[in-house]
Amino acid sequence: MSLCLPLPRATLIELVSRSRCAACPSRGVFQGDLRNTDDLEKVFAARRYDAVIHFAGLKAVGESVAHPEMYYENNLIGTINLYKSMKEHGCKKLVFSSSATVYGWPEVIPCVEDSKLQAANPYGRTKLILEDMARDYHRADTEWSIVLLRYFNPIGAHSSGEIGEDPKGIPNNLLPYIQQVAVGRLPELNVYGHDYPTRDGTAIRDYIHVVDLADGHIAALKKLFDSPDIGCVAYNLGTGRGTSVLEMVAAFKKASGKEIPTKLCPRRPGDATEVYASTEKAERELAWRAQYGIEEMCRDQWNWAKKNPYGYCGGAKK
Ligand code: UD1
């Protein structure tokens, strides 16, 4: 069952249990806000949970710079409330959505889990604080088992074309932007930086299919149940392969058959040159490895875009 936390926008935590939920027997969904402790009490009082997957975080870098208080309140206070409720109700297994942002501007590539961590913006700082908080919870009470999943750049959509990303307003991230250029909602893609010391001058990231990412959560949950003494441990969820902005544009063009006009622009402040994951630890300890390549990521993202050119609002222009 799921708990949707829509304020100030939709966020989600997944509550995992083997029993039925008295709070939401029909749909298995309870809508609430992690900042509201009454909502949490309603959910946790209704049934026994074995573990929680905590996705409920704001994640836009620029917005976090403009409104740090939103990020500290939503990401930090929401998570503290969640820990309190989990503890009160004896549920001490957690999978937490962290991010490759905790590597900041990585000094060593590929990023390995025990690399130096640093925050480049308030969003990143909340993830770093929440990782430290998780380690502190485990130190204080070794019954806590926590897996921190450091996402690299999730893209793509479910292959049905029914579930995909639908950003509000002008997208900040690369793939949603390319998608909107391909469907004609935006005229061209600004390529931020073409003078990086990379093979084509554009920045390199480790893009990962959202379905692979979802599978990574299943592997993490399995780990929590199979290895009760795991403690608090971080894993990268990436493919281990870097793709440049221009390579991504070419792949999307091929998948969609659409022109993607580009404009070469100065670097975006704060962007790193090259970020990609070491996947060895996740492969070794979670028995998880990304299955999809860039071609499939673009194929599925384009399938979603074709079926939902204006997102979930059914064709009405936003
Ligand atoms: C950022 C965050 C990451 C977060 C992710 C999703 C940091 C350092 N990175 O990743 O933690 O999980 O957003 O919210 O905090 N680009 C263009 N044109 C565009 C958009 C992007 O050229 O219109 C380029 C960027 O300069 C970058 C690459 O595409 O080189 C990827 O950008 P983006 O999709 O925004 O992700 P990140 O910045 O890597």
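Note that this is a predicted model, so its numbers are computed, not measured.

*Asks:* Talk me through the pairing of strand β6 (residues 145-151); I want residue IDs and the actual numbers.
*Replies:* Of all 7 residues that make up β6, 7 are buried, and the element is covered over most of its length. Burial along β6 is two-sided: the residues Ser145, Val147, Leu149 and Tyr151 and Ile146, Leu148 and Arg150 are all buried. Bridging between strand β5 (residues 93-99) and β6 involves 7 bridges; their strand directions are parallel. Across the sheet, Lys93 pairs through a bridge with Ser145, a residue of β6. A crossover connection joins β5 to the parallel β6 through helix α4 (residues 122-140); in handedness this β-α-β unit is right-handed. With 6 bridges joining them, β6 and strand β11 (residues 232-237) adopt parallel strand pairing. From the neighbouring strand, Tyr151 faces β11, where its bridge partner is Leu237.

*Asks:* Break down the site of the ligand for me, with residues and values.
*Replies:* In the vicinity of the ligand, 21 residues are found, and the nearest of them are Leu174, Asn190, Arg205, Arg268 and Asp271. Within the side chain of Asn121, an N or O atom sits 3.5 Å from an oxygen atom of the ligand. Asp271 has a polar side-chain atom sitting 2.5 Å from an oxygen atom of the ligand. Considered on its own, the ligand offers 750 Å² of accessible surface; in the complex 90% of this is hidden by protein. Listed by contribution, the elements that provide at least two residues to the shell around the ligand are α5 (174-182) and β8 (189-192).

*Asks:* Tell me what's going on with helix α6 (residues 210-226), and back it up with residues and numbers.
*Replies:* The terminal C-alpha atoms of α6 lie 24 Å apart, and with 17 residues this matches the ideal 24 Å at 1.5 Å per residue to within 8%. Along α6, the positions that sit buried rather than exposed are Asp212, Leu213, Gly216, His217, Ala219, Ala220, Leu221, Lys223 and Leu224.

*Asks:* Now, about the pattern of salt bridges: what can you tell me, with residues and values included?
*Replies:* Going through the model one piece at a time under the given rule, you end up with 17 salt bridges. Between Arg150 and Glu131 there is a salt bridge, and its shortest N-O distance comes to 2.7 Å. Note that Arg150 is positioned in strand β6 and Glu131 in helix α4, a separation of 19 residues in sequence. Residue class for Arg150 comes out buried when judged on its relative accessible area of 1%. Notably, a salt bridge pairs Arg135 with Asp132, separated by 3.2 Å at the nearest N-O pair. Here Asp132 and Arg135 lie together in helix α4, a separation of 3 residues that amounts to about one turn. Assessed through its relative accessible area of 39%, Asp132 is described here as partly exposed.

*Asks:* Please provide a residue-by-residue account of the side chain of Glu113, values included.
*Replies:* Assignment of secondary structure puts Glu113 in the loop between β5 and α4. Lacking a salt bridge, the buried Glu113 has Lys281 as its closest oppositely charged neighbour, with an N-O distance of 5.3 Å. At 2.8 Å, the side chain of Glu113 forms a polar contact with the backbone nitrogen of Asn236. Look past the residues within four positions of Glu113 in its chain and what remains in contact with it is Tyr103, Arg150, Ala234, Tyr235, Asn236, Ser278, Lys281 and Ala282.

*Asks:* Any details on unusual backbone geometry? Residues and values, ideally.
*Replies:* Each neighbour pair has its own omega, and for Ile109 with Pro110 the value is -5°, a cis peptide bond. Within the secondary structure layout, Pro110 lies in the loop between β5 and α4. Phi is positive for Ala287, which is not a glycine, with a value near 55°. Mapped onto the elements of the fold, Ala287 is located in the loop between α8 (280-286) and α9 (294-307).

The rules we used
All chains use their own residue numbering, which begins from 1 and follows the written sequence. Given that this is a predicted model, residues contribute local features only at a pLDDT of at least 70 and side-chain atom pairs are listed and counted only at 80 or more, while totals for whole chains, interfaces and linings are drawn from all residues. Derived side-chain values reflect all non-hydrogen atoms in the structure, with water molecules and hydrogen atoms excluded from consideration. For every residue, the accessible area obtained with a 1.4 Å probe (protein chains only) is divided by the maximum for its type, and the residue is called buried under 20%, exposed over 50%, and partly exposed between those limits. A helix here means a DSSP run of H or I that spans at least four residues, while a strand means a run of E at least two residues long, and both kinds are numbered starting from the N terminus. Strand pairing is defined by DSSP finding a minimum of two bridges between the two strands. By definition, the crossover connecting two strands over a helix is right-handed if that path, from the first strand to the second, turns clockwise as seen with the strands pointing away from the viewer. Note on terminology: near, applied to a residue and a molecule or strand, indicates that one of the residue's heavy atoms is within 4 Å of it. By the criterion applied in these results, polar contacts are pairs of N or O atoms within 3.5 Å in which, for protein atoms, one can donate a hydrogen and the other can accept it, and in which residues neighboring in sequence qualify only through two side-chain atoms. Here the Shrake-Rupley method, with its probe set to 1.4 Å, supplies the accessible areas, and only the displayed protein chains count as covering residues. Every helix has an expected span of 1.5 Å times one less than the residues it contains. Any Lys or Arg side-chain nitrogen found within 4 Å of a carboxyl oxygen on Asp or Glu counts as a salt bridge. We count Lys and Arg on the positive side and Asp and Glu on the negative side, and we leave His and both chain ends out. We call two residues in contact whenever any of their non-hydrogen atoms come within 4.5 Å of each other.

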